Amino acid sequence: GRLPVFSFTGPWVGQGGPQGCAGWAKKCHYRVTSTIGHMYSLDFPLSLRNWGRCDPEDLFDATPQQFESNPDVQVPQHLADEASRCHLVILCLDCDREGEAIGYECLDAVLPNLYPEPRL
């Protein structure tokens, strides 16, 4: 299943902001969605995951592989699709190392797909 997306129109609050949206007089269209924790996980290759059947020394030289944490939800694709409709992203995450890591995972999916010019 897909993650929900909520949208609303409201003022840009804060300094700066998107071109044409600065100040209370201008309205911006917001799209809000979420992740489900980490987007990716790291693990050993399949041949090395059964530690009872592999040489433990092989684990030291093994290259970890990145896997999507929730492949049924397709969070990276969801964020990339949403980014293609937006020209600015605001991340709201837990203020700890894990939140920072999730933020960088999100940016990897979002930044290459942001719409280049504001559409007002």
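Residues numbered from 1 in each chain as written. Predicted model: local features only at pLDDT ≥ 70, side-chain atom pairs only at ≥ 80, totals over all residues. Heavy atoms only, no water.

Novice: Where do I start with the overall build of the protein chain in this structure?
Specialist: Summing up its helical and strand segments, the protein chain has three helices and four strands in all. Listed N to C, the secondary structure of the protein chain is β-β-β-α-β-α-α in terms of helices and strands. Looking at the protein chain residue by residue over its 120 residues, the buried ones come to 24%. When contacts within the protein chain are restricted to residue pairs at least 6 apart in sequence, long-range pairs at least 24 apart make up 62% of them. About 8700 Å² of surface is accessible on the protein chain, with carbon and sulfur atoms providing 54% of the total. (Helix = DSSP H or I, 4+ residues; strand = E, 2+ residues; numbered from the N terminus. Buried < 20%, exposed > 50% of the residue type's maximum accessible area, 1.4 Å probe, protein only. Contact = heavy atoms within 4.5 Å. Areas by Shrake-Rupley, 256 points an atom, 1.4 Å probe, with all protein chains shown as cover.)

Novice: Explanation requested: the environment of Asp108 in the structure shown.
Specialist: Mapping Asp108 onto the fold places it in helix α3 (residues 97-110). Sequence-wise, Asp108 and Ala80 are 28 residues apart; in three dimensions their C-alpha atoms are separated by 9.0 Å.

Novice: Whenever I open this one, helix α2 (residues 75-83) confuses me. Can you help?
Specialist: With seven of its nine residues buried, α2 lies for the most part within the structure. Residues Val75, Pro76, His78, Leu79, Ala80, Glu82 and Ala83 constitute the buried set of α2. Where α2 is buried, its residues touch β2 (27-32), β3 (40-43), β4 (65-68) and α3.

Novice: Would you mind showing me how to read unusual backbone geometry here?
Specialist: A positive phi angle, close to 55 degrees, is found at Gln74, a residue other than glycine. Residue placement: Gln74 occurs in the loop between β4 and α2.

Novice: For this particular structure, what's the right way to read a negative patch on the surface?
Specialist: A cluster of acidic side chains, namely Asp55, Glu57, Asp58 and Asp61, defines a negative patch on the protein surface. Mapped onto the elements of the fold, Asp61 is located in helix α1 (residues 56-61). (Patch = residues over 30% accessible without salt bridge, like charges linked within 9 Å, V, L, I, M, F, W, Y side chains within 5 Å. Salt bridge = Lys/Arg side-chain N within 4 Å of Asp/Glu carboxyl O. Lys, Arg positive; Asp, Glu negative; His and termini not counted. Charge placed at Lys NZ, Arg CZ, Asp CG, Glu CD.)

Novice: So what exactly am I meant to see when it comes to the nonpolar core here?
Specialist: Considering soluble globular proteins, one finds that nonpolar side chains tend to be buried as a cluster. Membership of the largest hydrophobic core is limited to 10 residues, which are Leu3, Met39, Val73, Val75, Leu79, Ala83, Ile102, Cys106, Ala109 and Val110. If you list the elements that add at least two residues to this core, you get α2 and α3. For this core, the element with the most residues is α3, which contributes four residues. (Core = buried A, V, L, I, M, F, W, Y, C linked by side-chain atoms within 4.5 Å.)

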